Amino acid sequence: ANLSIPLFMKDSSIWITIVDYQSFSINNNYLPTDSMPIDRFNLHAFIIRTGYIHRFNEGQSLQILVIPRVMTDFNAEFKKSFQLGGMVMYEKVKSKTYTYRLGLLYNQECFGPYLTPVFYLDWSITQKLKFTGMLPIYGKLYLEPSKNLSYGLHFVGLTTSYRVNENNFENYYVERNSIDVSVFSNLRIWKNVFLEARAGYSITKDYALYAEDQKVGLGLPLVYIGDNRVRSNYEYENSPFVHFRLL
């Protein structure tokens with residue numbers, strides 16, 4: 001579920017707050033040597049993006065967001081599940097049909113600092129064919145025959161981490177890594193509320209379990225610096241998926 005609350009200011013700048021909740025459950029690919037393994041991960045994410053969008057003029061703006069989040073299985077302590085991150089992005093409106101942003105996204109994950117250079121693109125290729133995305137995190141190429149319906153191709157490249165606390169696995173965390181490719185449909189169900197459905201395949205998918213002292217020096221997309229961690233479960237196989245959410 002996703003809720004966006006913009007506050008417009010006199011100088012046309014904006015203070016924006018976006019609240020997002022996600023949850024999912026997946027079987028643990030545990031080691032056969034575990035006498036009391038975690039059978040299943042039940043993971044929850046509460047994410048708030050809040051900050052200031054300053055408009056220099058009609059074509060340029062700067063976004064500065066603070067992004068606190070709680071990533072938990074509801075058994076871990078709140079203070080250990082809390083993560084703090086942020087994002088800075090410069091926006092340039094080239095035309096009514098082409099806008100881009102350049103920036104950096106940072107988060108203090110359970111495994112250490114994670115930094116992602118990002119490129120956002122909002123491009124109306126034709127009147128109905130469009131592309132929107134924040135690369136390398138997500139992207140959509142889609143047709144929009146009306147304001148009530150859109151459909152097309154979608155991908156997500158995701159790295160997140162969650163605190164877990166189970167018997168024999170106190171003070172552990174799960175690192176989720178996935179690249180998902182899917183078809184999607186987005187349908188307006190009431191005013192500004194949309195239902196999005198996605199069906200596709202996880203090209204890469206992993207939920208690695210680590211003890212809390214297993215850290216990296218720095219995480220970047222597809223690269224970890226100073227990664228000597230020892231995981232406590234097996235790697236996962238790729239698989240199809242179906243996903244629904246409210247926007």
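The model shown is predicted, which means the values in this text are computed figures rather than measured ones.

A.B. asks: Even after reading the chapter, I still don't get the overall build of the chain, so can you show me in this structure?
C.D. replies: From N to C terminus, the chain includes one helix and 15 strands. Scaling as 2.2 N^0.38, a compact globule of 247 residues should have a C-alpha radius of gyration of about 18 Å, and the chain matches this with 19 Å. With the C-alpha coordinates aligned to their principal axes, the bounding extent of the chain is approximately 60 × 35 × 30 Å. For the chain, the proportion of contacts with a sequence separation of at least 24, taken over those separated by at least 6, is 51%. Of the roughly 13,700 Å² that the chain leaves accessible, carbon and sulfur atoms contribute 61%. Counting 25 positive and 22 negative side-chain charges, the chain places the centres of these two groups 12 Å from one another.

A.B. asks: What am I meant to see in the environment of Lys80 here?
C.D. replies: For Lys80, the position within the fold is in helix H1 (residues 78-81). Under the relative-accessibility criterion, Lys80 is labelled partly exposed at 26%. Along the primary structure Lys80 and Val164 are separated by 84 residues, whereas in three dimensions their C-alpha atoms are 9.4 Å apart.

A.B. asks: Looking at this structure, I do not really get the pairing of strand E8 (residues 129-135). What am I missing?
C.D. replies: Along any regular strand, the residues point their side chains to alternate faces of the sheet. Judged by how many residues are buried, E8 sits mostly within the fold: five of seven residues are covered. Here strand E7 (residues 112-124) pairs with E8 via six bridges, running antiparallel. The residue of E8 that forms the bridge with Phe119 is Leu135. What sits between E7 and E8 in their antiparallel hairpin is a turn of four residues. In terms of strand pairing, E8 meets strand E9 (residues 138-146) through six bridges, oriented antiparallel. Bridging from a neighbouring strand, Met134 pairs with Tyr138 of E9. Here E8 folds back onto E9, and the loop between the two strands holds two residues.

A.B. asks: Would you explain a nonpolar patch on the surface in this entry?
C.D. replies: A grouping of Leu143, Leu149, Tyr151, Leu187, Ile189, Trp190, Leu195, Val242, Phe244 and Leu246 is seen on the molecular surface, where their side chains present a nonpolar patch of about 960 Å² in accessible area. Every element with two or more residues in the nonpolar patch is listed here: strand E10 (149-166), strand E11 (169-190) and strand E15 (240-246). Inspection of the secondary structure puts Leu195 in strand E12 (residues 193-211). The class for Leu195 is partly exposed, based on a relative accessible area of 34%.

A.B. asks: What exactly am I supposed to notice about the pattern of salt bridges here?
C.D. replies: Pairs can form between side chains of opposite charge whenever their charged atoms are close. According to the stated counting rule, one finds eleven salt bridges in the structure shown. Residue Glu212 is joined to Arg163 by a salt bridge in which the shortest nitrogen-to-oxygen separation is 2.8 Å. Placement of Glu212 in the loop between E12 and strand E13 (218-220) and of Arg163 in strand E10 is noted, with a sequence separation of 49 residues between them. Between Arg231 and Asp206 there is a salt bridge whose closest N-O contact spans 2.8 Å. Of this pair, Arg231 sits in the loop between strand E14 (223-225) and E15 while Asp206 sits in strand E12, and the two are 25 residues apart along the sequence. Residue Asp206 is classed as buried on the basis of its relative accessible area, which comes to 15%. Each of Lys140, Glu196, Arg198 and Arg245 takes part in salt bridges that share partners, so that together they form one network.

Rules and cut-offs
- Residues numbered from 1 in each chain as written.
- Predicted model: local features only at pLDDT ≥ 70, side-chain atom pairs only at ≥ 80, totals over all residues.
- Heavy atoms only, no water.
- Helix = DSSP H or I, 4+ residues; strand = E, 2+ residues; numbered from the N terminus.
- Rg over C-alpha atoms; globule rule 2.2 N^0.38 Å.
- Contact = heavy atoms within 4.5 Å.
- Areas by Shrake-Rupley, 256 points an atom, 1.4 Å probe, with all protein chains shown as cover.
- Lys, Arg positive; Asp, Glu negative; His and termini not counted.
- Charge placed at Lys NZ, Arg CZ, Asp CG, Glu CD.
- Buried < 20%, exposed > 50% of the residue type's maximum accessible area, 1.4 Å probe, protein only.
- Pairing = 2+ DSSP bridges.
- Patch = residues over 30% accessible without salt bridge, like charges linked within 9 Å, V, L, I, M, F, W, Y side chains within 5 Å.
- Salt bridge = Lys/Arg side-chain N within 4 Å of Asp/Glu carboxyl O.

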